[in-house]
Amino acid sequence: VMSDSVKNDLLKFIPEAKYIFYPHPLYDHFGKKADSAEAKKKLNIPEGKKVVLFFGFIRDYKGLDLLIDAVAKLNDDYILVVAGEVYGSFDKYNLQIEKRGVKNKISLHVRYVSDDEVPLFFSSADVCVLPYKSATQSGITSIAYHFDLPLIATDTGGLKESILHNKTGLIIDYPDADLLSNAIKDYFSQSLKLKFQEEIKLLKKQLSWDGLVNSITDFSKSL
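(A) Representation of the sheet that holds strand E1 (residues 50–55) in the model. Strand order in the open sheet formed by six strands is E3-E2-E1-E4-E5-E6, with parallel pairing between adjacent strands. Because the sheet does not close on itself, it has two edges, and the strands there are strand E3 (106–109) and strand E6 (169–172). Between one strand axis and the next, the sheet turns by 20 degrees as a mean value, whatever way the strands run. Summarising the sheet, strand E4 (residues 127–130) and strand E5 (residues 151–154) pair through three bridges and their orientation is parallel. Note that in E5 the partner of cysteine 128 across the bridge is leucine 151. Across the sheet, helix H3 (residues 64–72) lies against E1, strand E2 (78–83), E3 and E4, angled at about 160 degrees from E2, the strand it touches most.

Pasting the structure below:
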């Protein structure tokens, strides 16, 4: 299991289950970080903007609507980059963006994002936000860590187990637009990026695929 919430689910169905706990290893097949200025140029992100990234499949439980409302509370120094395929229709988000008057603060890439493009999005961003309303854990966390990118996330599922509050990112108490906007403003006002990146580099040494394989093989031998 990779989070306490999944462990609890397992034991609810199979109380006598034998298991090991190992955090989600980091994805390492996306290549190196790109130059930030070049990445922004390729994605048509104006220089000098504070770049907030929402990445991955767009589904209702992932809380993009909350993040759009949060962006409406931020000034024009910020830009939200939304990248990923949508489940269903994006119409309701377009309507929300129009209604909230934030079209100039959001850069949309609502489509399949190839592995080759992933470095551009994570290299151009200052922080990745997971405004999830529910979750177990997220593979986006490990992608962000691969690119030394801190995160801001809601306290849902196992997110706070993989995102260390005030070390590799910020955890807010529950899914809420006001809490999200305040956390984003705090992140930038306190210049937390460099501090969190140092912690991420330490964490990356621990979360390897080799470590997971070794744990599984050791576990199998013990059964």
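More follows now that the structure is in view.
(B) The arrangement of helix H8 (residues 177–189) in detail. Under the 1.5 Å per step criterion, the end-to-end length of H8 is 18 Å for 13 residues, consistent within 8% with the ideal 18 Å. Residue aspartate 176 occupies the N-cap position of H8, its side-chain oxygen lying 3.0 Å from the main-chain nitrogen of aspartate 178.

(C) Summary view of the packing of H3 against helix H4 (residues 91–100). The N-to-C vectors of H3 and H4 enclose an angle of 15 degrees; their axes lie 10 Å apart at closest approach. Judged by the angle between their axes, H3 and H4 are roughly parallel. The way H3 lies across H4 gives a crossing that is right-handed. Residue-level contacts link Leu64, Asp65, Ile68, Asp69 and Ala72 of H3 to Tyr93, Gln96, Ile97 and Arg100 of H4.

(D) Molecular detail of the pattern of salt bridges. In total, this model carries eleven salt bridges according to the counting rule given. Lysine 201 is paired through a salt bridge with glutamate 198; the nearest N and O atoms lie 3.7 Å apart. In this pair, lysine 201 and glutamate 198 are both assigned in helix H9 (residues 193–204), three residues apart and thus about one turn of the helix distant. We classify lysine 201 as partly exposed; its relative accessible area is 39%. What emerges from the salt-bridge pattern is a single network uniting Lys33, Asp148 and Lys204.

(E) Quick peek at the pairing of E4. Neither face of E4 is open: one carries Val127 and Val129, the other Cys128 and Leu130, and all of them are buried. Here E1 runs beside E4; their pairing, made up of two bridges, is parallel. Within the sheet, the bridge partner assigned to leucine 53 lies in E4 and is cysteine 128.

(F) Structural detail: the nonpolar core. Judged by nonpolar contacts, the single largest core of 34 residues is most densely connected at Leu53, Phe55, Val118, Phe121, Phe122, Leu130 and Ile140. The set of elements that each furnish at least two residues to this core consists of E1, E2, helix H5 (118–124), E4, helix H6 (139–146), E5 and H9. For phenylalanine 121, the contacting residues outside a window of four places in its chain are Leu43, Leu53, Phe55, Val81, Ala83, His109, Arg111 and Val113. Core analysis: the next-biggest nonpolar cluster, separate from the first, contains 30 residues, Leu67, Phe90, Val127 and Val129 among them.

(G) Inspection of the packing of aromatic side chains at higher detail. A complete count under the given rule lists nine aromatic pairs for this structure. With centroids separated by 6.2 Å and ring planes inclined at 55 degrees, the aromatic side chains of phenylalanine 55 and phenylalanine 121 adopt a geometry described as tilted. Taken together, the residues phenylalanine 55 in strand E1 and phenylalanine 121 in helix H5 connect sequence positions 66 residues apart. Assigned by exposure class, phenylalanine 55 and phenylalanine 121 land together as buried. On the numbers, 5.6 Å between centres and 15 degrees between planes, the contact of phenylalanine 122 with phenylalanine 147 is stacked. Placement of the pair is phenylalanine 122 in helix H5 and phenylalanine 147 in the loop between H6 and E5, with a sequence separation of 25 residues. Accessibility assignment for this pair places phenylalanine 122 and phenylalanine 147 in one class, buried.

(H) Highlighting unusual backbone geometry. The backbone phi angle of asparagine 44 is positive, close to 60 degrees, even though this residue is not glycine. Here asparagine 44 shows up in the loop between helix H2 (36–42) and E1. Of the residues examined, asparagine 44 reaches a relative accessible area of 67% and is grouped as exposed. For serine 191, which is not a glycine, the phi torsion comes out positive at approximately 50 degrees. With respect to the element layout, serine 191 can be found in the loop between H8 and H9. Using a relative accessible area of 57% as the deciding quantity, one classes serine 191 as exposed.

Conventions used here
- Residues numbered from 1 in each chain as written.
- Predicted model: local features only at pLDDT ≥ 70, side-chain atom pairs only at ≥ 80, totals over all residues.
- Heavy atoms only, no water.
- Pairing = 2+ DSSP bridges.
- Helix = DSSP H or I, 4+ residues; strand = E, 2+ residues; numbered from the N terminus.
- Axes fitted to C-alpha atoms, helices over the stretch in contact; angles between N-to-C directions.
- Contact = heavy atoms within 4.5 Å.
- Expected span 1.5 Å × (residues − 1).
- Polar contact = N/O pair within 3.5 Å; in protein donor to acceptor, adjacent residues only side chain to side chain.
- Parallel < 35°, antiparallel > 145°, perpendicular 65-115°, else oblique.
- Left-handed = near helix turned anticlockwise from the far one by under 90°.
- Salt bridge = Lys/Arg side-chain N within 4 Å of Asp/Glu carboxyl O.
- Buried < 20%, exposed > 50% of the residue type's maximum accessible area, 1.4 Å probe, protein only.
- Core = buried A, V, L, I, M, F, W, Y, C linked by side-chain atoms within 4.5 Å.
- Phe/Tyr/Trp six-rings, centres within 6.5 Å; stacked < 30°, edge-to-face > 60°.

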